[in-house]
Amino acid sequence: WLGALRFDNLALRSLPVDASEEGGPRAVPGACFARVRPSPLQNPRLVAMSLPALTLLGLEAPTADPAAAEAEAALYFSGNRVLAGAEPAAHCYCGHQFGSFAGQLGDGAAMYLGEVLGPRGERWEIQLKGAGITPFSRQADGRKVLRSSIREFLCSEAMFHLGIPTTRAGTCVTSDSRVVRDIFYDGNPKNERCTVVLRIASTFLRFGSFEIFKPPDEYTGRKGPSVNRNDIRIQMLDYVISTFYPEIQEAYSDNSIQRNAAFFKEITKRTARLVAEWQCVGFCHGVLNTDNMSIVGLTIDYGPFGFMDRYDPEHICNGSDNTGRYAYNKQPEICKWNLGKLAEALVPELPLEISELILEEEYDAEFEKHYLQKMRKKLGLIQLELEEDSKLVSELLETMHLTGGDFTNVFYLLSSFSVDTDPSKFEDFLEELTSQCASVEELKVAFKPQMDPRQLSMMLMLAQSNPQLFALIGTKANINKELERIEQSSKLQQLTAADLLSRNKRHWKKWLAKYRDRLQKEIESVGNADAWNTDRVKVMNSNNPKYILRNYIAQNAIEAAENGDFSEVRNVLKLLEHPFQETEGFQEVKEDAEEEGASATAAVCAQESRSRQPYCSKPPLWASELCVT
């Protein structure tokens, strides 16, 4: 089946490859890649495959003998055997992690296999993530586990079907080989299955790829492995622009500064549009370091990501992001900061005064334009573009925040809002809308104080008596957040469900009146109100997903898979391929999957029963306790 793959490994012909055969972690100066060999796994087997992703590589759905194709995929996409034409290598890059330059990082667990030519001649880099030690593994083992691999596999495909630029995932292969992981860094390690994901993208080069030339950093003292190798920087720019931005190469072939400026302008705009797309579906990346930013504007490196459930602008999806650097509302400014670091890494081939001007002129304007365009579609504002629309969007988000509205479900419901003033219809809609707001129980969990009162008291005293020491162990923002939690928690003790419902209805009535007025202006500008409404609903339903990869959905699939039942992973994958619609035949798929897994352990049965609610419903209460690091 995999014999159909045609390799043409342009990156390795175009960029310097380290000649050393030395194994194990080491510095890799003067090179963009180092040759590696995947480490075999015991008894590899396929968890799931994404046929839409594999089609990019020219692979058809295996009809003759699906079981043999699955076994072949498990053998080659675990790294146990290397495909003819593949040239395994690991990419060298650096990065600013949580704001500080970390020096050489590189592909510590991922391996470039090569570039496959697709059916229409397009080129796709394929990678194995979790295939073993590389020169960039540092103190780690080059392995990934079932838990994180299922999340990356499912989210890569979910984002693609949401229409958001992303790397893809072709297969997820697990094994009987095990590694020890301390998931929450709390001294409770766990034995987990080694698992490998086949990743697919036009390229996995990133902002950090250009940081390998960085001289010693003034704060951390760390430097890139290829300082003073401007010849390689020129090579990389030539390769990236001619391969992935050919129209720019063609337009500016005789002036490298203008060409590099046009490239920087384009990646600035792509990044701004990408983040706008994230914000519009409530996606939080979790680790927006410069080494996790794609040089072609894709969502890359799915780690402790999360789709927001209850709308909270300060939502932090990464349990190890203690300062909230990568919170939901910080993503636009952080990506702009990262572009600033890319600009520094392109000097002298693009002078800073040119790139800084481009960044200031283009980024915010492109982000705001794309964000508002997308939000208009989500609200069904398809006819007019009014200045007041921006205020309507921010007031909607404020109402969502005040009522603890579910970000995805509130937007999805709005397409059924009628401009018709029939009071009973309006009350029914209001009832449905408020059912998507947080309950008293959910709010109590959300605002549960996180510090021991004695610790908080000590921190407050320290903040006043010794600000320098306080700055080393805490932040004012963290303390203020804890004080807010205490205040909210105290108010919630007196709040009844009836009071909460009445308060929420009041907030939503106020915003819906403004929304109705805005829709009325749309109607007044068209000849046929019925045709307009049909178009409005169609646009809204293709921009507001019904299904997203919520953490608890991924967790249910992970727990079933850890007990040997992969049917839920495959089930969820099918669901996420049609995020905007009721998936026809999905019920049948679920029943078949249940029959397949009928012999699974009692633990799985208990797990299945707790996941019985529809995939589009608000998350259950236990989901708020999930922590991803």
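Here is what the cut-offs are and how they apply
- Residues numbered from 1 in each chain as written.
- Predicted model: local features only at pLDDT ≥ 70, side-chain atom pairs only at ≥ 80, totals over all residues.
- Heavy atoms only, no water.
- UniProt positions renumbered as here; feature names shortened; annotations may be inferred.
- Helix = DSSP H or I, 4+ residues; strand = E, 2+ residues; numbered from the N terminus.
- Rg over C-alpha atoms; globule rule 2.2 N^0.38 Å.
- Buried < 20%, exposed > 50% of the residue type's maximum accessible area, 1.4 Å probe, protein only.
- Contact = heavy atoms within 4.5 Å.
- Areas by Shrake-Rupley, 256 points an atom, 1.4 Å probe, with all protein chains shown as cover.
- Axes fitted to C-alpha atoms, helices over the stretch in contact; angles between N-to-C directions.
- Parallel < 35°, antiparallel > 145°, perpendicular 65-115°, else oblique.
- Left-handed = near helix turned anticlockwise from the far one by under 90°.
- Nonpolar A, V, L, I, M, F, W, Y, C, P; charged D, E, K, R; others polar.
- Phe/Tyr/Trp six-rings, centres within 6.5 Å; stacked < 30°, edge-to-face > 60°.
- Lys NZ or Arg CZ within 6 Å of the ring centre and 35° of its normal.
- Salt bridge = Lys/Arg side-chain N within 4 Å of Asp/Glu carboxyl O.

The name given to the protein in an unreviewed UniProt entry is Selenoprotein O, with Atrichornis clamosus as the source organism. Entered under Cofactor (unreviewed entry) in the UniProt record, the comment concerning the protein runs "Mg(2+)". Quoted verbatim from the Sequence similarities (unreviewed entry) heading of the UniProt record, the comment on the protein is "Belongs to the SELO family."

Trainee: I'd love a proper account of the overall build of the protein, names of residues and values included.
Mentor: Within the protein, the secondary structure is distributed over 22 helices and 13 strands. Computed over its C-alpha atoms, the radius of gyration of the protein comes to 25 Å, within 12% of the 25 Å expected for a compact globule of 629 residues. Each principal axis of the C-alpha atoms in the protein carries an extent, and together these give about 75 × 65 × 60 Å. Counting the 629 residues in the protein, one finds 54% classified as buried. For the protein, the share of sequence-separated contacts (at least 6 apart) that also reach a separation of at least 24 residues comes to 74%. Split by element, the accessible area of the protein, about 27,200 Å² in all, is 51% carbon and sulfur.

Trainee: Can you explain the packing of helix α10 (residues 389-403) against helix α11 (residues 407-414)? Please cite residues and give values.
Mentor: Where α10 meets α11, the axes come as close as 11 Å, and the angle between the chain directions of the two elements is 125 degrees. When the axis of α10 is compared with that of α11, the two are oblique. Crossing of α10 over α11 shows right-handed handedness. Contacts from Leu-396, Leu-397 and Met-400 in α10 reach Phe-407, Val-410, Phe-411 and Leu-414 in α11. A breakdown of the residues in the contact of α10 with α11 according to their chemical character gives seven nonpolar, no polar and no charged.

Trainee: Please provide a residue-by-residue account of unusual backbone geometry, values included.
Mentor: The step from Val-347 to Pro-348 runs through a cis peptide bond, and the omega angle for that step is 10 degrees. Along the chain, Pro-348 falls in the loop between α8 (331-345) and α9 (352-378). In the Ramachandran plot, Asn-43 falls in the positive-phi region, its phi being about 50 degrees despite a non-glycine side chain. Checked against the element boundaries, Asn-43 lands in the loop between β2 (33-35) and β3 (45-49). Phi at Asp-301 is positive, roughly 65 degrees, even though this residue is not glycine. Inspection of the secondary structure assignment puts Asp-301 in the loop between β12 (283-284) and β13 (306-307).

Trainee: Before we move on, can you summarise the packing of helix α17 (residues 497-524) against helix α18 (residues 529-541) with the specific residues and values?
Mentor: A pair of packed helices can be characterised by two numbers: the angle between their axes and the separation between those axes. In the contact formed by α17 and α18, the axes pass within 10 Å of each other and the chain directions differ by 125 degrees. Classified by the angle between their axes, α17 and α18 sit oblique to one another. Like other packed secondary-structure pairs, α17 and α18 cross with a definite hand, here right-handed. On the side of α17, the interface is formed by Tyr-515, Leu-519, Glu-522 and Ile-523, while α18 contributes Ala-529, Trp-532, Arg-536 and Met-540. Here the contact of α17 with α18 is composed, by residue class, of six nonpolar, no polar and two charged.

Trainee: Mind laying out the side chain of Thr-408, listing which residues take part and the relevant values?
Mentor: With respect to the helices and strands, Thr-408 occurs in helix α11. A residue is classified by how much of its surface remains accessible, and Thr-408, at 5% relative accessible area, is buried.

Trainee: Explain the packing of aromatic side chains to me, and be specific about the residues and the numbers.
Mentor: One pass over the full model with this rule turns up 19 aromatic pairs. With a centroid separation of 5.2 Å and 70 degrees between ring planes, the pair formed by Phe-407 and Phe-411 is classed as edge-to-face. Of this pair, Phe-407 and Phe-411 are both found in helix α11, four residues apart, which corresponds to roughly one turn of the helix. Taken together through their ring pairs, the aromatic side chains of Phe-417, Phe-426, Phe-429, Trp-508, Trp-511 and Tyr-515 make up a single cluster. Here the basic side chain of Arg-325 rests over the ring of Trp-337, its NZ or CZ set 4.8 Å away from the ring centre.

Trainee: Explain the pattern of salt bridges to me, and be specific about the residues and the numbers.
Mentor: A complete count under the given rule lists 45 salt bridges for this structure. A salt bridge links Glu-362 to Lys-265, with the nearest nitrogen and oxygen atoms 3.7 Å apart. Of the two residues, Glu-362 is situated in helix α9 and Lys-265 in helix α7 (residues 256-281); the sequence distance between them amounts to 97 residues. For Glu-362, a relative accessible area of 17% corresponds to the buried category. Assessed through its relative accessible area of 35%, Lys-265 is described here as partly exposed. Among the salt bridges present, the one from Asp-364 reaches Lys-336, with a minimum N-O distance of 2.9 Å. One end of the pair, Asp-364, is in helix α9; the other, Lys-336, is in helix α8, with 28 residues separating them in the sequence.

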